[in-house]
Amino acid sequence: MSQQIVTPELCDWIAEQSRVGHPADAILAAMRGSGWDETIARQALARVLGPVAAPAVGGAGTVAAMSAGLPEPDLAGSRPVLDAGDRQVKVAMALRQPRVVVFADLLSVEECDGIVAQAAKRLARSETVATNADGSEVNSARTSDGMFFERGESELIRRVETRIATLLRWPLDHGEGLQVLRYRPGAEYQPHYDYFDPGHASTPSILKRGGQRVGTLVIYLNTPEAGGATTFPDIGLEVAPVKGHAVFFSYDRPHPATQTLHGGAPVLAGEKWVATKWLRQGVFN
């Protein structure tokens, strides 16, 4: 089957099969027997049952099982508060397809201010990861200043990264370093996808560092006076930028069918500061 999409109906079917007692490997076998691509089937199982519950590729083991699916918070039972290890995080909103979750109070006020302070001295005009085979260039779609932290660069960054890994149930070493962006009045980020375009000349070399991106977490480090929402044009969703809150979304393949087209609306007054964590299929180095 081509262009297979993990629909809400499929997710409901998987949930029902699990509820009546069928193990994940039996559900996977049934899906494969019905013509589902194994990779898509595993991703659907991970989305509904959680990455650890999904059948592992190449044997059991937490990291193998997690890597077989997608990053996914534990939303079973529609719990309004999730344990992120060192902090209780509220679920403000959740969509199943596409998977979009808005978290409240992911970071404290002090943590937001601390990240801004550490990043402020190192800001430069934002660039793409790589738009040419031989390097980066300024991205005209993004009008902001930014910088990258090395993973685990400081005690604060390590604490936040560990919390994210726990909340999204994804290995810490499968994440890129946090990127911090500052948007001044009038600045925006036009709608785009976060996965690497399979047809671009630079993509094969980028994928060697950890595979495709499979999830994005955007953390709001301040609350702008006006504007600056994170927009999802395909589904008509706008997420307001509130200090300490975050929006997470995942994508099971590098294709517009994931409905993860998103952008940063223009800042109308004040500044907007965000920290973005991109999650990879494998170990990012």
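What you see is a predicted model; the values in this text were computed from it and never measured.

The next subject is the overall build of the protein chain. Within the protein chain one finds seven helices and 15 strands. Sorting the 285 residues of the protein chain into buried and exposed places 51% on the buried side. In the protein chain, the proportion of contacts linking residues at least 24 apart, taken out of those at least 6 apart, comes to 71%. Of the roughly 12400 Å² of accessible surface on the protein chain, a fraction of 53% belongs to carbon and sulfur atoms.

Let us now look at the packing of helix H5 (residues 109-120) against helix H6 (residues 155-168). Packing of H5 against H6 leaves a shortest axis separation of 10 Å and a crossing angle of 125°. As far as their axial angle goes, H6 and H5 are oblique. Viewed along their axes, H5 and H6 form a crossing whose handedness is left-handed. On the side of H5, the interface is formed by Glu111, Gly114, Ile115 and Gln118, while H6 contributes Leu156, Ile157, Arg159, Val160 and Arg163. Residues that form the contact of H5 with H6 fall into these classes: four nonpolar, two polar and three charged.

Okay, the pairing of strand E12 (residues 246-250) next. Counting buried positions along E12 yields five of five residues, so the element is predominantly enclosed. Across four bridges, the pairing between strand E3 (residues 100-104) and E12 is antiparallel. By the bridge assignment for E12, valine 102 is matched with valine 247. For strand E8 (residues 213-220) and E12, the ladder comprises five bridges, and the chain directions are antiparallel. Among the inter-strand pairings, valine 218 is bridged to a residue of E12, identified as valine 247.

Pairing between the strands of a sheet comes from backbone hydrogen bonds, and it takes one of two forms, parallel or antiparallel. Strand order in the open sheet formed by nine strands is E1-E2-E3-E12-E8-E15-E6-E5-E4, with antiparallel pairing between adjacent strands. The sheet terminates laterally at strand E1 (81-83) and strand E4 (124-125), the two strands that pair on one side only. As judged from the two bridges shared by E4 and strand E5 (residues 145-148), these two strands associate in the antiparallel manner. Directly across from arginine 125, in E5, lies its bridge partner aspartate 145. Sheet strands in contact with H6 are E1, strand E2 (88-95), E3, E8, E12 and strand E15 (272-280), and its direction is about 55° off that of E15.

By secondary structure assignment, the location of lysine 277 is in strand E15. Here the side chain of lysine 277 touches glutamate 176 through a polar contact of 2.5 Å, landing on its backbone oxygen. Each residue touching lysine 277, except ones within four places of it in the same chain, is listed here: Glu161, Ile164, Gly175, Glu176, Gly177, Leu178, Gly215, Thr216 and Leu217.

Time to look at H5. At 3.6 residues per turn, the α-helix brings residues three or four places apart onto the same side. For H5, spanning 12 residues, the distance from its first C-alpha to its last is 16 Å, which sits close to the expected 16 Å at 1.5 Å a residue. For H5, the full list of buried residues reads Glu111, Cys112, Gly114, Ile115, Val116 and Ala119. Summarising the contacts, the buried residues of H5 are in contact with E5, H6, strand E6 (179-183), E8 and E15.

About the cut-offs
Residues numbered from 1 in each chain as written. Predicted model: local features only at pLDDT ≥ 70, side-chain atom pairs only at ≥ 80, totals over all residues. Heavy atoms only, no water. Helix = DSSP H or I, 4+ residues; strand = E, 2+ residues; numbered from the N terminus. Buried < 20%, exposed > 50% of the residue type's maximum accessible area, 1.4 Å probe, protein only. Contact = heavy atoms within 4.5 Å. Areas by Shrake-Rupley, 256 points an atom, 1.4 Å probe, with all protein chains shown as cover. Axes fitted to C-alpha atoms, helices over the stretch in contact; angles between N-to-C directions. Parallel < 35°, antiparallel > 145°, perpendicular 65-115°, else oblique. Left-handed = near helix turned anticlockwise from the far one by under 90°. Nonpolar A, V, L, I, M, F, W, Y, C, P; charged D, E, K, R; others polar. Pairing = 2+ DSSP bridges. Polar contact = N/O pair within 3.5 Å; in protein donor to acceptor, adjacent residues only side chain to side chain. Expected span 1.5 Å × (residues − 1).

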